[in-house]
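Observations on chain architecture
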There are 2 protein chains.
Amino acid sequence: MRLEIAVLAIGDELISGEISDTNTARIANLLRGRGFVVREARCVGDDEARIATALRELARSHQVVLVTGGLGPTRDDLTARAAGQAFERPLILHEEALGLIRDFFHETGLEWDPRNEKQALLPQKALAIPNITGTAPGFWMRHEGCDLVFMPGVPEEMAAMCEREVLPHLEELCGGLAPLQERVLKIFGLSEPRVEGLLDGADLPGEIGTAFGVDYPFVHLKLRLAGERDSALLDRAEGEVRERLGDYIVARDDETLAGNVGRLLTEAGLKLSVAESCTGGLLAEWLTDIPGASNFFDRGAVTYSNEAKNEWLGVSKRILLDQGAVSEDCARAMAMGMRQAARTDLAVAITGIAGPAGGTAEKPVGTVFIALSAGDAEQAKGYRFGGERYKVRRMAACMALEWIRRYLAARGGTRPGR
Amino acid sequence: MRLEIAVLAIGDELISGEISDTNTARIANLLRGRGFVVREARCVGDDEARIATALRELARSHQVVLVTGGLGPTRDDLTARAAGQAFERPLILHEEALGLIRDFFHETGLEWDPRNEKQALLPQKALAIPNITGTAPGFWMRHEGCDLVFMPGVPEEMAAMCEREVLPHLEELCGGLAPLQERVLKIFGLSEPRVEGLLDGADLPGEIGTAFGVDYPFVHLKLRLAGERDSALLDRAEGEVRERLGDYIVARDDETLAGNVGRLLTEAGLKLSVAESCTGGLLAEWLTDIPGASNFFDRGAVTYSNEAKNEWLGVSKRILLDQGAVSEDCARAMAMGMRQAARTDLAVAITGIAGPAGGTAEKPVGTVFIALSAGDAEQAKGYRFGGERYKVRRMAACMALEWIRRYLAARGGTRPGR
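Things to note about the packing of aromatic side chains
- If you walk through the whole model with that rule in mind, you get 11 aromatic pairs over all chains.
- Ring geometry for Tyr304(A) against Phe297(B): centres 5.6 Å apart, planes inclined by 80°, an arrangement best described as edge-to-face. With one member in each of two chains, Tyr304(A) in the loop between strand 14 (297–303) and helix 11 (306–313) and Phe297(B) in strand 14 (residues 297–303) form a pair that bridges those chains. In terms of burial, Tyr304(A) and Phe297(B) fall into one category: buried.
- Positioned over the ring face of Trp312(B) is Arg299(A), at 5.1 Å from the centre of the ring.
- Over the ring of Tyr248(B) we find Arg406(B); its NZ or CZ atom is 5.7 Å from the centre of that ring.

Topic: the relation of the copies chain A and chain B
- Note on the copies: chain A fits chain B at an RMSD of 0.1 Å, the axial shift is 0.0 Å, and the rotation between them is 180°. On this basis, the relationship between the two copies can be described by a two-fold rotation axis.
- Mapped onto chain B, 98% of the interface residues of chain A are again interface residues, and the two copies thus contact each other with one and the same surface.

Some details on the sheet that holds strand 8 (residues 146–151) of chain B
- Ordered in space as 6(A)-7(A)-8(A)-3(A)-1(A)-2(A)-2(B)-1(B)-3(B)-8(B)-7(B)-6(B), the 12 strands form an open sheet in which the pairing is mixed. The outermost strands of the open sheet, each flanked by one partner alone, are strand 6 (127–129) of chain A together with strand 6 (127–129) of chain B. Direction aside, neighbouring strands of the sheet carry axes that sit 20° apart on average.
- Of the strands in this sheet, strand 2 (38–44) of chain A together with strand 1 (5–10), strand 2 (38–44), strand 3 (64–68) and strand 8 of chain B are in contact with helix 3 (residues 48–61) of chain B, which crosses strand 2 of chain B at around 170°.
- Docked against the sheet, helix 4 (residues 79–86) of chain B engages strand 1, strand 3, strand 7 (138–143) and strand 8 of chain B, running at close to 10° with respect to strand 7 of chain B.

Looking at the domain arrangement of chain A
- Structurally, chain A comprises domain 1 (5–174), domain 2 (181–252) and domain 3 (257–411).
- The centre of domain 1 of chain A, based on its C-alpha atoms, is set 36 Å off from the matching centre of domain 2 of chain A.

What to know about the packing of helix 9 (residues 257–268) of chain A against helix 14 (residues 389–411) of chain A
Residue and element names in this part refer to chain A.
- Where helix 9 contacts helix 14, the two axes come as close as 10 Å, and the packing angle between them is 35°. With respect to the hand of their crossing, helix 9 and helix 14 are arranged in left-handed fashion. Here Leu257, Ala258, Asn260, Val261, Leu264, Leu265 and Ala268 of helix 9 lie close against helix 14, whose contacting residues are Cys398, Leu401, Glu402, Ile404, Arg405, Leu408 and Arg411.
- When its residues are assigned to classes, the contact of helix 9 with helix 14 shows 10 nonpolar, 1 polar and 3 charged.

Here we look at a nonpolar patch on the surface
- Taken together, the side chains of Leu91(A), Leu93(A) and Leu121(A) define a hydrophobic patch exposed on the protein surface, amounting to about 210 Å² of accessible area.
- Mapped onto the elements, Leu91(A) comes out in strand 4 (residues 91–93).

Observations regarding the interface of chain A and chain B
- Residue-level contacts link 83 residues of chain A with 81 residues of chain B.
- Carbon and sulfur atoms make up 45% of the area that chain A and chain B hide from each other, which totals about 6,900 Å².
- At the surface where chain A touches chain B, the tally comes to 22 salt bridges.
- In this structure, Glu311(A) engages Arg343(B) in a salt bridge whose closest nitrogen and oxygen atoms are separated by 2.6 Å.
- Of the residues in the side of chain A that touches chain B, the class split is 30 nonpolar, 18 polar and 35 charged.
- Note that strand 2 of chain A and strand 2 of chain B share 5 bridges and pair antiparallel. Looking at the pairing, Val44(A) lines up with Glu40(B) of strand 2 of chain B.

What counts, and where the lines are drawn
Residues numbered from 1 in each chain as written. Chains lettered and ligands numbered in written order. Predicted model: local features only at pLDDT ≥ 70, side-chain atom pairs only at ≥ 80, totals over all residues. Heavy atoms only, no water. Phe/Tyr/Trp six-rings, centres within 6.5 Å; stacked < 30°, edge-to-face > 60°. Helix = DSSP H or I, 4+ residues; strand = E, 2+ residues; numbered from the N terminus. Buried < 20%, exposed > 50% of the residue type's maximum accessible area, 1.4 Å probe, protein only. Lys NZ or Arg CZ within 6 Å of the ring centre and 35° of its normal. Least-squares fit on C-alpha atoms with pLDDT ≥ 70 in both. Contact = heavy atoms within 4.5 Å. Pairing = 2+ DSSP bridges. Axes fitted to C-alpha atoms, helices over the stretch in contact; angles between N-to-C directions. Domains from an automatic or database assignment. Left-handed = near helix turned anticlockwise from the far one by under 90°. Nonpolar A, V, L, I, M, F, W, Y, C, P; charged D, E, K, R; others polar. Patch = residues over 30% accessible without salt bridge, like charges linked within 9 Å, V, L, I, M, F, W, Y side chains within 5 Å. Areas by Shrake-Rupley, 256 points an atom, 1.4 Å probe, with all protein chains shown as cover. Salt bridge = Lys/Arg side-chain N within 4 Å of Asp/Glu carboxyl O. Buried area = accessible area lost by both parts, 1.4 Å probe.

Spelled out as C-alpha cells, the structure:
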C-alpha cells in the first residue's frame, strides 16, 4: 500500500524570506529511506486560522500529514491551538506530555521555566510523542482516516523524533512497503540539455525512470526503480549512463564531490594541502566537513594578502609585482610552495577575483587560476566563471576538487565517480 | 490594498529530500522589500496532474500565484502543460517566447539546441516574460481574478526575472503599497524562552508586533510595524529591547555576526588573522564571504595537523605533547603565533573536537578551546558545545566571532550590535 503523505511546515520565518524551509527535505530523506514518498509540501506562517485551514485541506487529500513547527513555548507558537480548532477538539493539559517535559528538564539539569507548561496543552485525544533532544513533545492525532503527526520545528529535534518515534509507526500503519530504489549520479561540467542530449537513445531498462535536478554547479541525474524489483536493473542503467557521460560523473548518491575526493585520497593513502585566496577557506571547509578528514587533509592556507602568499607559500615578490596575485604563475607558485611547506603528496591552489569589486578589463570578475602540484609536476590554468561572488567561489572550489579527482583517477585504477 | 500572494515551487527534487526549496525564501525577500507578503507556499513534484491541482486550488484562494520551476527543456519540465490543463487552454508555439529564446542564444554565443524550442510552448493567451540570464522565458496568465506568474526554477534566473519583470507589474496591479517595516535583532547566547522572559513587561509601543525565529545558534527577534507609520516607533522599540538584552544583540537586519565584525574591524582600521583547527576554514570562509574582506582580513591558517600548528604558528612540541592539540594552552599559543606570523592587530584561534569520533572521557566531542590575541594580552577559554559535527563547528566559529566583537565593543565607543 502506498501512503499519500503531505508535509506542513509552520513558521513566519519560512514565508517571510528570513530562512528557507529545510525540514521538508529532511523529512523526505528520512521517509525515502523507508520507501515512503512525500506528495506535497506546504508552508504557512504563525497564523492560527491559516494553520487550521491547511490542516483541514491536507487531511482531506492525504492519509498522513507530517507537521513541523509552532510547538515552542512562546506566544507565536500556535500549532496545537490551530489543530484543536481545525478538528473541533478542545485543548487540555496533557498529563503525559507534562511529565515528558519535566523529565527532560530533570535529566538535562535545566532550570524549570513555567512557560514550558504551555507545551503540554494538546488537543483532546492526542497522543504525546517524546522529544529526546528538546523540551517540546510532539503529538499524534487521527481525524477521519488521516493520521496527523506534529513535530517541533527545530531541525535536530524534529529529525530525531521523526526517525525514532514516527517512522516505526508509519511502517506499522501500512504493513511494510517496497521502497523506491533510487540512484543519483552527480555530473560536473555538462549542462542539463547536454546531459539529456548525450543520453538520447540510451538503452536503459524499461523499468527505470529518470529525472533531473540541479545543485549548482552540479546536474543530478536520478535513476529510479519502483517496487520490489532487482537492483541489478539500476546497475545496468548506471553502466549505460556511465558509458555515455563517462568522467563527467563526479559523485553518486549521498556522497559529495569533496567526499569522493576525500575517500579517494584516504584509499590511496595520500595527504593533501590547499592554498586559497579568493575562495577564502571554502575548499578547506568542505574537506574538513567530512568526518575523518585528518586522514587525508594536512593543512590549508587562506592567503588573502600578498604578504601571506610570499611568507607562507614562498610566492616571489617578482611574480606578485609583475604578474599580480591573480595569475597563472602565482597559482602555480602557491601550489608548489604549499606542497613544500606541508610536505604533502598533493597541493592545490586557487587565486582569482570573486567580485563584486576588483575586476579590471584584462582580468574581469570571475577570473580564477587553479594549480595542482602532484607527482613530479605542477599544472595551472585560468578560467572565467560567471555569476555572483558566491557562485564564482563555489565554482572555483569545485573545479579545484575536480582537478584532484581527475589526477587520482588517471593515477590509480579505481573508478573515480563511485 | 493588500494582495493575497502564494508561491508554488515545482520539482521532484524539492519533495524527494534531495534539496531544500530556497526559491520561496528568495521570492519572499524580494516581495518584502516592496511591501508584499507571502501567505502560503507549496511544493509539488514533476507531476502534471498534481501541478494542475495545486494551480487551481491556489488560484481560487489567492490574487497572485508566483510559480517557479519546470520551465526547462527536458521531459520532466511540465509546468506549461500543467497550466494549460488546469485552466483548459491549449499550448501554442508562442512566437514572442521563441524569439526571446533565440535572442538569448544569439547574444551569449551558445549553440542552438532544438530541444529549447519546447520552452516556447505556452498556454494560449499567456504573455511571455524575458529571461536575461537563461534560456527559459517566463509567462504570465490571468484566470478569474488571479494573476499567475511562471518563472524558471534556477534561483539566479528566477530572482533576476522576479526583480526586473514581475515586481514592477505587481506594484502596478495594486497601485503601490505601504511596506511592512521590520527590524530583526539577532541574539547570541540566550535561548528563546530566556529572551521572551527578559522582555516580559517591556514597554514597547502598541503599534509594534514581535515574532521570534531561530537560525542556529542565533535567536532572531523581529519587531514589525505595519503601514505608513513613523519608523521612530521601531527605533523606540529597539531601544527598549536593547536595554533589556544589552550586549546579547550581535547583529541587525541583513547583517550577519561575521559582517558586523568585519564592519567594526574596517571602521577601526584593524586587521585580523585566524587560526582554525576543528572549524577547518569555516570562520575564514564566513569572513571572506563579505565583499571587501581584504580591508580587514589578512590571512587564515587551517592547521589540522600538529606539524602545521608547530611550523606555521610556533605551537611548541611540548604543549602538543603534554596538553595536546585540544587544550587551552594550545589555543593560546595558536592565537599568539598567528598574530606574530601575520603581524595583525588581532588573531583568534579555535581548536577542538567536532566529532563524531575523536572524543575521550576527559575531552568529549564538543570540547572546544578559543583564544584571542589582541592589544597586549591573550585570553583563552574552554567550552563544551552540544550537537552534531556541523553544530559544534558553527557554534565554535560563532563564539570566536563573538569574542572579537566583544573585544572591539569594549575597546571602542561604537555600539557593537548595530
